[in-house]
Amino acid sequence: MNPEIFMREAIKEAEAGMRGGRGGPFGCVIVRRGEIIARGSNCVTSTNDPTAHAEVTAIREACRKLATFSLADCELYTSCEPCPMCLAATYWARIPQLYYGNTRADAAAIGFDDDFIYQQIPLPPEKRTIAMQLLLRDEAQVAFQEWQANPEKVRY
């Protein structure tokens, strides 16, 4: 099926969410075997949830619907190049193909922080605008060691 059809659906989600007062102008659809299985629009301001981006809401819906945390047989269509959080969520969901409409520079031009956050990521922790401090690493390592030794863990 033509990817442009699904991108138009993502754009429709962006427009509907924005015009409906749910949040910013971002929309997403997740497709599996040529069928839309999940939709999402930005709902940050209507839910007071800074993680309620279109991609995250669509990924959550798709995972609930399919009862899995892996969307390795899906494609993601989003109206804008994902912010770092949404890009990471796409990786965590194992989605192998992502299509986007607007760029992160386009988002920055209308006042969104995506590009700024991308610029922060490669900086060492002490150079970022968020103050970061390593604390109690030895104690925190206990859970990591237990996870590593557990033969029954579910890998993801």
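As shown above, the structure is provided for reference.
Overview of the structure. (Residues numbered from 1 in each chain as written. Predicted model: local features only at pLDDT ≥ 70, side-chain atom pairs only at ≥ 80, totals over all residues. Heavy atoms only, no water.)

1. Considerations on the pairing of strand β1 (residues 27-32)
Piece 1. With five of its six residues buried, β1 lies for the most part within the structure.
Piece 2. The pairing of β1 with strand β2 (residues 35-41) spans six bridges and is antiparallel. By the bridge assignment, Arg 32 is partnered in β2 with Glu 35.
Piece 3. Across five bridges, β1 lies against strand β3 (residues 74-80) in antiparallel orientation. Counterpart to Ile 30 in the pairing with β3 is Leu 76. (Buried < 20%, exposed > 50% of the residue type's maximum accessible area, 1.4 Å probe, protein only. Helix = DSSP H or I, 4+ residues; strand = E, 2+ residues; numbered from the N terminus. Pairing = 2+ DSSP bridges.)

2. Considerations on unusual backbone geometry
Piece 1. Positive phi is not limited to glycine here, since Ala 67 has a value of about 55°.
Piece 2. Assignment of secondary structure puts Ala 67 in the loop between α3 (54-66) and β3.
Piece 3. Positive phi outside glycine occurs at Arg 94, with the angle close to 65°.
Piece 4. Along the chain, Arg 94 falls in the loop between α4 (84-92) and β4 (97-102).

3. So, the layout of surface pockets
Piece 1. Estimated volume of the largest pocket: approximately 390 Å³.
Piece 2. Among the secondary structure elements, those contributing two or more residues to the lining of the largest pocket are α2 (44-47), α4 and α6 (114-120).
Piece 3. Here the lining of the largest pocket is built from residues that sort into ten nonpolar, six polar and four charged.
Piece 4. Taken as a whole, the second largest pocket encloses approximately 210 Å³ of empty space.
Piece 5. Taken together, Phe 116, Ile 117, Gln 120, Ile 121, Arg 128, Thr 129, Ile 130 and Met 132 make up the lining of the second largest pocket.
Piece 6. Partitioning the lining of the second largest pocket into residue classes produces five nonpolar, two polar and one charged. (1 Å grid on protein atoms, 1.4 Å probe; cavity = no way out; pocket = protein on both sides within 12 Å on 5 of 7 lines; lining within 4 Å. Points joined across faces, edges and corners; volume = space filled by probe spheres on them. Nonpolar A, V, L, I, M, F, W, Y, C, P; charged D, E, K, R; others polar.)

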